[in-house]
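Residue strings, one per chain:
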Amino acid sequence: MNHDYDLLRRLSETDGIPGREEAVRALIRDALGGLAADARVDAMGNLIVELDGPADAPLVMVSAHMDEIGFVVRHVDDKGFLRLQNHGGFDVRNLFARHVRVHTRHGGPRLGVLNPGVKPVHIATPEDRKKVPTLDEFVVDLGLPAETVRAEVRIGDMVTLVQPFVDLGDVVSGKAMDDRSGCWVLVETLRRLTAPAVRVAAVFSTQEEVGLRGAITSAFAVQPDVGVALDTTLAVDTPGTPEHLAVTRLGEGVAIKVRDSSTISQAWLVDALADLAVAEGIAHQFEVLPLGGTDAGAIQRSRGGVASVTLSNPSRYVHTVVEMLAKRDLEAAVALLTAFLSTAGAASPPKA
Ligand SMILES: [Zn+2]
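The residue numbers shown here count from 1 along each chain, following its written sequence. Local features in this predicted model are restricted to residues of pLDDT 70 or higher, and side-chain atom pairs are both shown and tallied only at a pLDDT of 80 or more, whereas totals for entire chains, interfaces and linings draw on every residue. Calculation of side-chain values draws on the structure's entire complement of heavy atoms; hydrogens and water are dropped beforehand.

In this fold, Asp-6 is placed in helix H1 (residues 5–13). Accessibility expressed as a relative area gives 38% for Asp-6, which makes it partly exposed. Separated by 53 residues in the primary sequence, Asp-6 and Leu-59 have C-alpha atoms spaced 31 Å apart. Strands here mean DSSP runs of E at least two residues long; helices mean DSSP runs of H or I at least four residues long; both are numbered from the N terminus. Any residue under 20% of the maximum accessible area for its type is buried, any over 50% is exposed, and the rest in between are partly exposed; the area is computed with a 1.4 Å probe on protein chains only.

So, in structure tokens, the structure goes:
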């Protein structure tokens, strides 16, 4: 079965900030076709797809978040310029000179320009040039008369960054690969999962970027025995960063997470995934991330505790609109997750 990179393109180019994942959810539902026949959507907007397996087998919740970092409109000024509230962590240095889409309820989406209110180089003083503006100083310019803006734009409207997805051959690059690439791995795995050895609850979760909120409630509802989060991680194997801070390397395979600041993966799950990867010849690497979290952090601490791990897609330029991932790593993630869910005993803790 060929890997569906056109689906990855559509996932990347679809817009959905925390709490506004509806277009992404509709796309995933459509991509799953008959597999989503019995899918349900809960009050938080999580899309939950359950697959039967042997009745006495463990229930594995696999979670990938649908939301991307973005903004809502916080203020419209007298001239029609918009100020923004971020939903999720941005580095403002990545926000200069960007096109954005303002999603209005009645007027439809409107394109605009995002830039800080600072002087162009021609009239800036040396002091002006040293300042890094805060997010508060960035404005959206819709290029419309103020009265048109005020009539169409409402406080709270979603604002997303605009960036076409590009396929560069061995790698792909685009916006929202965190975590549409995880959603893609989950869809591609469900399409290949002919004989699951476990019971599976696939959760396309919401509001991860503001604190794992969709995973908190879905883990409570699903009541899994084991949790697997699918997300991106840092691949800082680029000039300017010492080798020991790279975390992962692009193209060296799916990353099996040992720890981040939300979870310490159960050691037996790390070992089980590593053993499977070796047995199946799947490219893999291990990840120790100093700071950051995934849905595994919510699943692991649900109820009385759930053994959890994360499979990560290494990504260069994380939380920018040019996030770069290697096809080899993405395909390794699909292969390893498919093997994990298809192998009897892989999701069961070793006997004490
Ligand atoms: Zn993420």
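Looking now at the coordination of the zinc ion. Here a donor is an N, O or S atom found within 2.8 Å of the metal, or within 3.2 Å if the metal is Na, K or Ca; sites may look incomplete because water is not among the atoms. Ligation of the zinc ion by protein atoms is provided by His-65 (NE2), Asp-178 (OD), Asp-231 (OD) and Asp-231 (OD), these donors lying 1.9 to 2.8 Å from the ion. In these descriptions, tetrahedral denotes four donors with every angle between 85 and 135 degrees, square planar four donors and octahedral six donors with opposite donors over 155 degrees apart and the rest between 65 and 115, and irregular any other case. Relative to the metal, the four donor atoms surrounding the zinc ion lie at angles of 50 to 141 degrees, and the coordination shape comes out irregular. Residue class for His-65 comes out buried when judged on its relative accessible area of 0%.

Let us now look at helix H7 (residues 267–280). Multiplying 1.5 Å by the helix residue count minus one yields the expected span of that helix. For H7, spanning 14 residues, the distance from its first C-alpha to its last is 20 Å, which sits close to the expected 20 Å at 1.5 Å a residue. Where the residues of H7 are buried, they touch strand E13 (226–234), strand E14 (254–259), strand E15 (284–288), strand E16 (307–315) and helix H9 (327–342). Gly-281 sits one or two positions beyond H7 and adopts a positive phi of about 70 degrees. The contact definition used throughout considers only heavy atoms, calling two residues in contact when any of these lie within 4.5 Å.

Turning our attention to the pairing of strand E5 (residues 82–87). Side-chain positions along a regular strand alternate between the two faces of the sheet. Two strands are counted as paired when DSSP detects at least two bridges linking them. Bridging between strand E4 (residues 70–76) and E5 involves six bridges; their strand directions are antiparallel. Among the inter-strand pairings, His-75 is bridged to a residue of E5, identified as Arg-83. Connecting E4 to the next strand, E5, in antiparallel fashion are five residues, including Gly-80 with a positive phi near 95 degrees.

For Phe, Tyr and Trp, where Trp contributes only its six-membered ring, two rings pair if their centres lie within 6.5 Å, and the inter-plane angle classes them as stacked under 30 degrees, edge-to-face over 60, or tilted in between. Summed over the entire model, instances satisfying the criterion amount to three aromatic pairs. Between the aromatic rings of Phe-71 and Phe-90, the centroid separation amounts to 4.5 Å while the plane-to-plane angle is 5 degrees, which identifies the pairing as stacked. Here Phe-71 is found in strand E4, whereas its partner Phe-90 is found in the loop between E5 and strand E6 (98–104), with 19 residues between them in sequence. Just as Phe-71 is buried, Phe-90 falls in that class too. For the pair Phe-96 and Phe-138, a centre-to-centre distance of 5.5 Å together with 65 degrees between the ring planes defines the contact as edge-to-face. On the criterion of sequence distance, the pair formed by Phe-96 in the loop between E5 and E6 and Phe-138 in strand E8 (residues 138–141) is long-range, its members being 42 residues apart. Using a relative accessible area of 33% as the deciding quantity, one classes Phe-96 as partly exposed.

Read these as geometric descriptors, not functional statements.
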